Amino acid sequence: MFKKTDDAQQASLFGSPSELLSNRSKKKYSDPTSWHNVFHKHVIWNIDEALFAPVFNSTIGAPNYSVKVLLGMMIIKEVLECSDKQLFEHCEFNLLVRSALGLVNIDDLLPAESTYYLFRQRVYEYKYEGGIDLFEKVFQTITKKQISDFNVSGKILRMDSTLIGSNIASYSRYELIHLATQQFYKGIPEKILKKRMSRKDRETLGELLKEERNTVVYRSTREELRERMDQFGQLIYRLLRLNKSNPHHDVLQKIFEEQYEKIDGGVALRDWEERKASSVQSPDDPDCNYRNKNGQKVKGYSANVTETCSDDQLNIVTDIQLDKANTQDNTYLKNAIIQSKEVTGELADKVHCDGAYHSPSNTTFSKLINIDLVLTGINGKAGRYDLLMTDDGLQVTDRQTGEISMAVKVATTKGIKWRFKSPTCYRYFTQKDIDNVIIRNNLNNRLQEDLSRRNNVEATMFVFGHSCINGKSRYRKILPNRAWAYTRGLAINIKRICKYIETTCQRTQAIACLYDTYSFFNLWLSNFYNHWSKKELLNPNCIINRNNAILLFAPYRSGLTNKPINNPQFINRCLLITLVKKY
């Protein structure tokens, strides 16, 4: 049964950590600028627990453990970059972590590990059934409040993507088929096997599965592996009809369709060249895909991060998207801009990204909503011809010879094109070709300052994937990895907020020190005028007054000259006061 957290919980006299600490430790523990107090104020307080009410039964059952604490533990795990075991140790024995979660008393109970994992599983199931990702909602709610608290501007955005490997082993083709068949076979009840599967098939399959898959690959030749995979294909075809309720049925069905084809009533192994990047890479994670991006080969997912981009201001991650590895970067742009607007409350004027985000649809979208899309490059190399649309038609300039010609507009079965006669043949240009030339020309006219504003997002991407071991996340399947991505984004934001508050406090202390100096000089000058008239002060022969002035200033003269105070120095003091006041 769903129950909200009691935010009015009071600290007990003997259970509060602050009552058991020394004065110096108590001061640090209660410091509002300390990370644990900042985390509690800007993360825990901003969690809307009502979002998770549908996950629990509304009428029966024991009340749930605090949703705020459970979500806070997931975020702190990414802040500390620790394992689940280390997380529970921190939550049990680390006073700062307990304070960050809102556990005000030393004897406040933590959730059981089963409660922690069951909560995550319930949220995943709710996503599968209802299509609503509650972790995404939490990320947006918390970030929106943080942006409001710190007046973060969303007028300028920048984004980038990175590949995240899934927590799976790398399997060969035979190992993939072997493992998927083994998992399915173990899930078939014994009664169904004996009743619906022939004895010969059971013996053949048992013989194939008896030896470890990696051992078979190590000792067998290519022809022997091919023969075993052919045997597996015949058996899988008959196995899939035995037990459709098997939890591994869909995975094995997909692998069978990707690896085999039906020919003349039989089953044949497909050619290796027919494989696709979207094919199953592991039975343990059927959601992940394969991608080779600039030499980086990954079996996993692609994550896109969008953040604000303002000078001398706090910058916050506003949107995170995680999809299969073969997802192109340009598919993230529209949703990233729309979601960032929902979080920041204002539509961006300028978006900085690299050339992978370019597409005709993104160009049209940015023009439609009046956004300046700043690309640092564009895929592919520049063509030989420069294209310019004029009142007379399409002007074509040969970059090699400098010759200028006009193209003829023609209608084809694939739409309108412009035909141009080159020295060797006819060339055809589409509207896409013209748009690409315009984008390249605009890119060359961009200021270097605009092009370099995207660079710092590379640091964000490094921090985003820093907790990954060898480029792999700790999770399998797309929903747990999305939950990790959102909590990782919240961890990055709270670290930035803590650093921003610390820097702001240091700046405030420096300004306060300057104003204290200003106040002291004001007081000193007032006393100076009270003791001596302006005429006496400006008299160079007034040695007694000058010496008295030195004695008056002596207690505060640390680091200053010991020379007698004369008129120029007095003017310098006045100038110093003016400068301090202006600062």
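Here is a short report on the structure shown in this document. The shown structure was predicted, so the numbers you read here are calculated from the model rather than taken from an experiment.

**Brief notes about the overall build of the protein chain**
Inference 1: Helices and strands together make up the secondary structure of the protein chain, namely 23 helices and 13 strands.
Inference 2: Residue pairs at least 24 apart in sequence account for 68% of intrachain contacts in the protein chain once pairs closer than 6 positions are excluded.
Inference 3: Accessible area of the protein chain: about 32400 Å², with a carbon and sulfur share of 51%.

**Structural notes on the packing of aromatic side chains**
How two aromatic rings sit relative to each other is set out by the distance from centre to centre and by the angle between their planes.
Inference 1: Tallied over the entire structure, the rule returns 11 aromatic pairs.
Inference 2: Through pairs of rings, three or more aromatic residues link up here, namely Phe 52, Phe 56 and Phe 119.

**What about the sheet that holds strand β13 (residues 426–429)?**
Inference 1: Taking strand neighbours across the sheet as the criterion, the five strands line up as β9-β10-β11-β12-β13 in an open arrangement whose pairing is antiparallel. Lying at the two open borders of the sheet, with one neighbouring strand each, are β9 (385–390) and β13. In this sheet, adjacent strand axes meet at a mean angle of 35° when their direction is disregarded.
Inference 2: In the sheet, strand β10 (residues 393–398) pairs with strand β11 (residues 404–412) via four bridges, with the strands oriented antiparallel.

**What about the environment of Leu 134?**
Inference 1: Checked against the element boundaries, Leu 134 lands in helix α8 (residues 134–149).
Inference 2: Residue classification places Leu 134 among the buried positions, given a relative accessible area of 2%.
Inference 3: In sequence terms Leu 134 and Phe 52 are 82 residues apart; their C-alpha atoms lie 7.3 Å from each other.
Inference 4: Excluding its chain neighbours within four sequence positions, the residues that come into contact with Leu 134 are Leu 51, Phe 52, Val 55, Val 123 and Tyr 126.

**Section: helix α4 (residues 67–80)**
Inference 1: Helix length check: α4 (14 residues) gives 20 Å between terminal C-alpha atoms against 20 Å at 1.5 Å per residue, within 8%.
Inference 2: Within α4, 13 of the 14 residues are buried, leaving the element largely enclosed by the surrounding structure.
Inference 3: Of the residues flanking the start of α4, the one acting as N-cap is Ser 66, its side-chain oxygen 3.4 Å from the backbone nitrogen of Lys 68.
Inference 4: Looking at the residues trailing α4, positive phi occurs at Glu 81, about 50°.

**Some details on the layout of surface pockets**
With a probe scaled to a water molecule rolled over the atoms, the places where space remains empty come into view.
Inference 1: In this structure, the second largest pocket encloses a volume near 460 Å³.
Inference 2: What lines the second largest pocket is a set of 16 residues, and nearest its centre among them are Gln 313, Leu 314, Asn 315, Arg 496 and Lys 499.
Inference 3: When contributions to the lining of the second largest pocket are tallied by element, the ones reaching two or more residues are α19 (457–464) and α20 (478–531).

**Considering the pattern of salt bridges**
Inference 1: As enumerated under the stated definition, the model contains 17 salt bridges in all.
Inference 2: Notably, a salt bridge pairs Glu 78 with Arg 488, separated by 3.6 Å at the nearest N-O pair. Linking Glu 78 in helix α4 with Arg 488 in helix α20, this pair joins segments that are 410 residues apart in sequence.
Inference 3: You can call Glu 78 buried: its relative accessible area is 4%.
Inference 4: The class of Arg 488 is buried, set by a relative accessible area of 1%.
Inference 5: Between Asp 160 and Arg 454 there is a salt bridge, with the nearest N and O atoms lying 3.5 Å from each other. Placement of Asp 160 in strand β1 (residues 156–165) and of Arg 454 in the loop between α18 (448–452) and α19 is noted, with a sequence separation of 294 residues between them. Grouping residues by exposure puts Asp 160 and Arg 454 together as buried.
Inference 6: One network of salt bridges, in which partners are shared, links Asp 160, Asp 354, Arg 454 and Glu 458.

**Observations concerning the packing of helix α9 (residues 173–186) against helix α13 (residues 222–239)**
Inference 1: One can describe the packing of α9 onto α13 by two numbers: an axis separation of 10 Å at closest approach and a directional angle of 30°. On the basis of their axis angle, the class for α9 and α13 is roughly parallel. Crossing angle aside, the handedness with which α9 passes α13 is left-handed. From α9, Arg 173, Tyr 174, Ile 177, His 178, Thr 181, Phe 184 and Tyr 185 reach across to α13, where they touch Leu 225, Arg 228, Met 229, Phe 232, Ile 236 and Leu 239.

**As for the nonpolar core**
Considering soluble globular proteins, one finds that nonpolar side chains tend to be buried as a cluster.
Inference 1: Within the largest apolar cluster, 66 residues are counted, with the highest numbers of intra-cluster contacts made by Phe 39, Phe 52, Leu 71 and Phe 119.
Inference 2: The leading source of residues in this core is α20, at 13 residues.
Inference 3: Listed in part, the 31 residues of the second largest apolar core include Leu 205, Met 229, Val 251 and Tyr 260.

**Examining the packing of α4 against helix α7 (residues 113–130)**
Inference 1: At a minimum axis separation of 11 Å, α4 and α7 run at an interaxial angle of 90°. One element, α4, and the other, α7, form an angle in the roughly perpendicular class. Judged by residue contacts, Val 67, Leu 70, Leu 71, Met 73, Met 74 and Lys 77 of α4 engage Tyr 116, Phe 119 and Arg 120 from α7.
Inference 2: When its residues are assigned to classes, the contact of α4 with α7 shows seven nonpolar, no polar and two charged.

**Quick notes on α19**
Inference 1: For α19, the complete set of buried residues consists of Val 457, Thr 460, Met 461 and Phe 464. Here the buried residues of α19 occupy an arc of 100° about the axis, which is enough to place them on one side.

**Some words on the pairing of strand β3 (residues 266–269)**
Inference 1: Across four bridges, the pairing between strand β2 (residues 260–263) and β3 is antiparallel. When the bridges of β3 are listed, Glu 261 appears paired with Ala 268.
Inference 2: In this structure, the hairpin formed by β2 and β3 is closed by a connection of two residues, where Asp 264 is found at a positive phi of approximately 50°.

**Some remarks on the environment of Thr 504**
Inference 1: Position of Thr 504 among the secondary structure elements: in helix α20.
Inference 2: There is a polar contact of 2.7 Å between the side chain of Thr 504 and the backbone oxygen of Tyr 500.

**Here's the deal with empty space enclosed by the protein**
Inference 1: Across all of its chains, the model carries four cavities of 30 Å³ or more by this definition.
Inference 2: Within this model, the largest cavity holds a volume of roughly 60 Å³.
Inference 3: Lining the largest cavity, in full, are Lys 77, Glu 78, Glu 81, Cys 82, Ser 467, Cys 468, Lys 472, Ser 473, Arg 474 and Trp 484.
Inference 4: Partitioning the lining of the largest cavity into residue classes produces three nonpolar, two polar and five charged.

**Describing the side chain of His 249**
Inference 1: By the element assignment, His 249 lies in helix α14 (residues 249–259).
Inference 2: Within polar-contact distance, the side chain of His 249 engages the backbone oxygen of Leu 240 at 3.3 Å.

**Comments concerning the side chain of Thr 327**
Inference 1: The topology assignment puts Thr 327 in the loop between β6 (317–324) and α15 (333–344).
Inference 2: Here Thr 327 falls in the buried class, since its relative accessible area comes to 15%.
Inference 3: From its side chain, Thr 327 meets the backbone oxygen of Lys 324 in a polar contact 2.8 Å long.
Inference 4: In this structure, Thr 327 is in contact with Arg 291, Ser 302 and Tyr 332, ignoring residues within four places of it in sequence.

About the cut-offs
- Residues numbered from 1 in each chain as written.
- Predicted model: local features only at pLDDT ≥ 70, side-chain atom pairs only at ≥ 80, totals over all residues.
- Heavy atoms only, no water.
- Helix = DSSP H or I, 4+ residues; strand = E, 2+ residues; numbered from the N terminus.
- Contact = heavy atoms within 4.5 Å.
- Areas by Shrake-Rupley, 256 points an atom, 1.4 Å probe, with all protein chains shown as cover.
- Phe/Tyr/Trp six-rings, centres within 6.5 Å; stacked < 30°, edge-to-face > 60°.
- Pairing = 2+ DSSP bridges.
- Axes fitted to C-alpha atoms, helices over the stretch in contact; angles between N-to-C directions.
- Buried < 20%, exposed > 50% of the residue type's maximum accessible area, 1.4 Å probe, protein only.
- Expected span 1.5 Å × (residues − 1).
- Polar contact = N/O pair within 3.5 Å; in protein donor to acceptor, adjacent residues only side chain to side chain.
- 1 Å grid on protein atoms, 1.4 Å probe; cavity = no way out; pocket = protein on both sides within 12 Å on 5 of 7 lines; lining within 4 Å.
- Points joined across faces, edges and corners; volume = space filled by probe spheres on them.
- Salt bridge = Lys/Arg side-chain N within 4 Å of Asp/Glu carboxyl O.
- Parallel < 35°, antiparallel > 145°, perpendicular 65-115°, else oblique.
- Left-handed = near helix turned anticlockwise from the far one by under 90°.
- Core = buried A, V, L, I, M, F, W, Y, C linked by side-chain atoms within 4.5 Å.
- Nonpolar A, V, L, I, M, F, W, Y, C, P; charged D, E, K, R; others polar.
- Arc of directions from axis to C-beta.

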